[in-house]
Amino acid sequence: MMKQFLLLISLFLFTHFATAQVHFGIGGGGSAGVGDISPFSSAGYSAYVELSYDFNENMVAVLSGQVNGFIALPLDVSLAQAWYQIPVMAIGRYYILPKDGESMFKPFVQGGLGGVKSYYLKADPLNPSGDPQLIDDFWSFGYKVGVGVGLSIFNVQLNYLNSGKYHEYTLGSMDITVGLLF
């Protein structure tokens, strides 16, 4: 009796999650600063987590958290700067081909709005071998636009993030990421 009950529960859960409208994604890749921070941010990384909800075969709502880190290459320790940005965005994603169709190739466009927490660090010229010092950290309003493609459970994205201004300098980034979407 207990085995039948557990089998029935397992079958129910499998059926529910196989047709679920809620998905979890995780991924990472490369990133570079654009705008006024580009001279100080030529190389970097990007990592993200997302939770998405399918409204229909083409429209998806996404809540995304991301981390971008940038440094300038070649590295001159006496002038070294680093930027970290953490955008938290509400994103709308539109699949050009129906997401639930038979094709494994699912291109999409996306756009979103949210807050961006930025950290600005700089090396101490008196102690170039030491850890960089935090110069400033602040929140700003930002937006993200991008294109991508879903390939089975893989998700490839190219995004532009505008994260507002720091004093008179425009902050932004371009990232390309590869992830998994469950």
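Here's what I pulled together on the structure shown here. Everything numeric here is computed off the predicted structure, so don't read it as measured data.

**Some details on the overall build of the chain**
Move 1: In terms of helices and strands, the chain carries one helix and eight strands.
Move 2: If you take every contact in the chain between residues at least 6 apart in sequence, the share linking residues at least 24 apart comes to 58%.
Move 3: Working note: accessible area of the chain is about 10400 Å², and carbon and sulfur atoms make up 71% of it.

**Quick word on the pattern of salt bridges**
Move 1: Taken as a whole, this structure holds two salt bridges when the rule is applied.
Move 2: One salt bridge in this structure joins Arg93 and Glu50, with 3.1 Å as the shortest N-O distance. With a gap of 43 residues between them, Arg93 in strand β4 (residues 81–95) and Glu50 in strand β2 (residues 43–54) connect regions that are remote in the sequence. Side by side, Arg93 and Glu50 carry an identical accessibility label, which is buried.
Move 3: For Asp137, the salt bridge is made with Lys117, and the minimal N-O distance between the two is 2.9 Å. Taken together, the positions of Asp137 in strand β6 (residues 133–151) and Lys117 in strand β5 (residues 105–122) put the pair 20 residues apart, joining distant regions of the chain.

**Considering the environment of Val156**
Move 1: By the element assignment, Val156 lies in strand β7 (residues 154–166).
Move 2: Each C-alpha atom, one on Val156 and one on Gly27, is 8.9 Å from the other, the two residues being 129 residues apart in sequence.
Move 3: Not counting chain neighbours up to four residues away, the residues in contact with Val156 comprise Phe108, Val147, Gly148, Val149, Thr177 and Val178.

Rules of the game
Residues numbered from 1 in each chain as written. Predicted model: local features only at pLDDT ≥ 70, side-chain atom pairs only at ≥ 80, totals over all residues. Heavy atoms only, no water. Helix = DSSP H or I, 4+ residues; strand = E, 2+ residues; numbered from the N terminus. Contact = heavy atoms within 4.5 Å. Areas by Shrake-Rupley, 256 points an atom, 1.4 Å probe, with all protein chains shown as cover. Salt bridge = Lys/Arg side-chain N within 4 Å of Asp/Glu carboxyl O. Buried < 20%, exposed > 50% of the residue type's maximum accessible area, 1.4 Å probe, protein only.

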